[in-house]
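Coordinate inspection notes
As a plain string of letters, each chain reads:
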Amino acid sequence: MKVRVVCRKIYNYVRYDLKEIAFPSSLPDPPHIKKRRKLTGKERIWVLKRAAKLYAASWVRDIGPDLRPDDYKKDDITEETNGQKKTAKEKEPSTLEDLAVAAKGGMETLRPALQRVYMTRASAYRDALKSFIQGYQEGVQQVMEKKEESKTQEDVDISKKST
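Residues numbered from 1 in each chain as written. Predicted model: local features only at pLDDT ≥ 70, side-chain atom pairs only at ≥ 80, totals over all residues. Heavy atoms only, no water.

Re the overall build of the protein
Applicable threshold: A helix here means a DSSP run of H or I that spans at least four residues, while a strand means a run of E at least two residues long, and both kinds are numbered starting from the N terminus. Between buried and exposed lies partly exposed: a residue is buried under 20% and exposed over 50% of the maximum accessible area for its type, with that area taken using a 1.4 Å probe on protein chains only. By definition, residues are in contact when any of their heavy atoms lie within 4.5 Å. Under the convention used here, a 1.4 Å probe and the Shrake-Rupley method define accessible areas, while residue burial counts only the protein chains that appear.
From N to C terminus, the protein includes four helices and two strands. Taken across its 163 residues, the protein has 6% of its residues classed as buried. Partitioning the contacts of the protein with sequence separation of at least 6, the portion at a separation of at least 24 is 20%. For the protein, the accessible area works out to roughly 15,700 Å², and carbon and sulfur atoms hold 58% of it.

Given below as structure tokens:
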């Protein structure tokens, strides 16, 4: 009889408790949450297609017109204010578009594109630093002139008092 009780307790431990210890279940939903029905196969496929379409559209906005998939290509011809027609390819590509096209070409095309980006940023940083140094020197020069003026002013005041 005792063997039977021990076996039942071991069986229940393995069946319920050990499973809960190894793979804990999540907390139940609060009472005000209503459970949704499961999606059918057609609905799952529709959701997957819709999500893929939206995801692709988000990339299209980011990568520019050169790399757009055929579904999202729009008319390349745009109207200008003076009435002339101009294609989108005549415009200068942005840095992101340039890097995206270079990345498609592999490492040999990506390296020069990255070097151009690096040099552009380095020159911008150098120009900003030169401008800062020039402004700083002008500020120091103004402070030094004010100090010299105040010293000469004090010397004049002292000489007037002594005479």
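Thoughts on helix α1 (residues 2-22)
For clarity, the threshold we go by: Each residue after the first adds 1.5 Å to the expected span of a helix. Note that bend, as reported per residue, equals the angle between axes fitted to the 7 residues terminating at that residue and the 7 residues originating from it.
Here α1 is 21 residues long and its end C-alpha atoms lie 28 Å apart, about the 30 Å a rise of 1.5 Å per residue gives. The largest bend along α1 reaches roughly 40° and is located at Val-14.

Some remarks on the environment of Tyr-13
When you line up the elements, Tyr-13 lands in helix α1. The partly exposed category is assigned to Tyr-13, whose relative accessible area is 40%. Sequence-distant contacts of Tyr-13, that is, excluding residues within four places in its chain, are made with Leu-18 and Ile-21.

Topic: a nonpolar patch on the surface
What counts is decided by this rule: Like-charged residues within 9 Å of one another, or nonpolar side chains (Val, Leu, Ile, Met, Phe, Trp, Tyr) within 5 Å, are grouped into patches, provided each residue has over 30% relative accessible area and no salt bridge. Here, a salt bridge means any Lys or Arg side-chain nitrogen found within 4 Å of an Asp or Glu carboxyl oxygen.
A cluster of nonpolar side chains, contributed by Tyr-125, Leu-129, Phe-132, Ile-133, Tyr-136, Val-140 and Met-144, occupies part of the molecular surface with about 750 Å² of accessible area. By relative accessible area, Tyr-136 is classed as exposed at 55%.

Points about the pattern of salt bridges
Considering all chains together, one arrives at one salt bridge under this definition. In this structure, Glu-43 engages Arg-37 in a salt bridge whose closest nitrogen and oxygen atoms are separated by 2.8 Å.

Remarks on helix α3 (residues 95-105)
Within the sequence span of α3, burial applies to Glu-97, Ala-100 and Ala-102. Backbone geometry just after α3 places Gly-106 at a positive phi near 105°.

A word on the confidence of the model for the protein
We apply this condition: Within a predicted model, pLDDT stands for the predictor's per-residue confidence, ranging from 0 to 100.
On average, the protein scores 78 in pLDDT, and the residues at 70 or more come to 79%. Per-element confidence in the protein is highest for helix α4 (residues 107-162), whose mean pLDDT is 87, and lowest for strand β1 (residues 77-79), whose mean pLDDT is 45. Note on residues 75-82: pLDDT is under 50 here. Beyond four places in sequence and across chains, it has 13 contacts.

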